[in-house]
Amino acid sequence: METGGEVPAEWENSVSEVLIGSADISRRVTELGHAISAKYEGLNPLLIVVLKGSYMFASDLSRAMKTPHELEFIRAKSYNGTESCGRVRIDGLENTKLKGRHLIIIEDIVDTGLTLSRLYEHFADAGAASIKTCSFLEKETVRRKSNVPNVDFVAFHIPDKFVIGYGLDYDQQYRHLPFVGVYKQ
Ligand code: 5GP
Ligand code: MG
Ligand code: MG
């Protein structure tokens, strides 16, 4: 892996380290797209892209998929009392039939895993033929909740640091960085 490299001068004030360089992102996301595509041959999967963080990942992943597929874009809002019994409200699927479809939920990053497991539960009773989860990043985190299922497809595992770029924000900024960087506090 070539990854890392110098922090470009224009980002020196906000990025302490380039964790994954753009060439490595491109190579790995293409590889993952090919792998997912091969598994879904002839199934016309529906990629459910969780906005906003996954927009860049989803577009690169989709381009790398050779088998025909469809995309829907959702916004997910968690609302709850306590962390463990939280629910999620999903906007953007009002006119989409999920029954019988092969769903792939596309996320930007999994930390504790709560967001993704709530999304999974939301779709679990929609009558889908199958549901898999896919995340650009997964943190090696001590915060992972024990009852959260594994992510099916992951592009990169990263250490427990707050990262920005390639779709991921800090306060809505930095999504357009072409690399994944550690945010400089
Ligand atoms: P989880 O529910 O898995 O704990 O958290 C997932 C959500 O937290 C992500 O969808 C993202 O919005 C946010 N998040 C967690 N870690 C990071 C990070 O390192 N950088 C950014 N930008 N967002 C993060
Ligand atoms: Mg997310
Ligand atoms: Mg965010």
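- With an unreviewed UniProt entry as reference, the protein chain is termed Hypoxanthine phosphoribosyltransferase, source organism Gracilariopsis chorda.
- Entered under Subcellular location (unreviewed entry) in the UniProt record, the comment concerning the protein chain runs "Cytoplasm".

**Some words on the sheet that holds strand S4 (residues 87-91)**
Thought 1: Taken together, the six strands give an open sheet; going across it, the order is S4-S3-S2-S5-S6-S7, and neighbouring strands pair in mixed fashion. Pairing within the sheet leaves two strands with one partner each, and these edge strands are S4 and strand S7 (153-158). Averaged over all adjacent pairs, the angle separating strand axes in this sheet is 30°, with direction ignored.
Thought 2: Looking at chain direction, strand S3 (residues 70-79) and S4 are connected through five bridges and run antiparallel. Bridging across to S4, Ser78 finds its partner in Val88.
Thought 3: Helix H1 (residues 22-39) contacts strand S5 (102-110), strand S6 (130-139) and S7 of the sheet and is inclined by roughly 150° relative to S7.
Thought 4: Taken strand by strand, helix H2 (residues 55-64) contacts strand S2 (46-51), S3, S5 and S6, and its axis lies near 160° from that of S2.

**Remarks on the pairing of S6**
Thought 1: S6 sits mainly inside the fold: eight of its ten residues count as buried.
Thought 2: Alignment of S5 against S6, held across eight bridges, turns out to be parallel. Bridging from a neighbouring strand, His102 pairs with Ser130 of S6.
Thought 3: At this point the chain moves from S5, through helix H3 (residues 114-124), to the parallel S6, and the crossover so formed is right-handed.
Thought 4: As defined by bridge partners, S6 adjoins S7 across five bridges and the pair is classed as parallel. Bridge pairing in S7 places Cys134 opposite Phe153.

**Describing H1**
Every α-helix winds through 3.6 residues per turn, so residues three or four apart in the chain are directed the same way.
Thought 1: The terminal C-alpha atoms of H1 lie 26 Å apart, and with 18 residues this matches the ideal 26 Å at 1.5 Å per residue to within 8%.
Thought 2: Taken residue by residue, H1 has Ile25, Val29, Leu32, Gly33 and Ile36 as its buried positions. Buried residues in H1, looked at end-on, bunch into an arc of 105°, giving them a common side. More than 90 degrees from the buried face of H1, the exposed residues found are Glu31 and Ala38.
Thought 3: Against the buried residues of H1 lie strand S1 (15-20), H2, S5, S6 and S7.

How each quantity is defined
Residues numbered from 1 in each chain as written. Chains lettered and ligands numbered in written order. Predicted model: local features only at pLDDT ≥ 70, side-chain atom pairs only at ≥ 80, totals over all residues. UniProt positions renumbered as here; feature names shortened; annotations may be inferred. Pairing = 2+ DSSP bridges. Helix = DSSP H or I, 4+ residues; strand = E, 2+ residues; numbered from the N terminus. Axes fitted to C-alpha atoms, helices over the stretch in contact; angles between N-to-C directions. Contact = placed C-beta atoms within 7 Å. Buried ≥ 20, exposed ≤ 12 C-beta atoms within 10 Å, placed from the backbone. Right-handed = clockwise from strand over helix to strand, strands pointing away. Expected span 1.5 Å × (residues − 1). Arc of directions from axis to C-beta.

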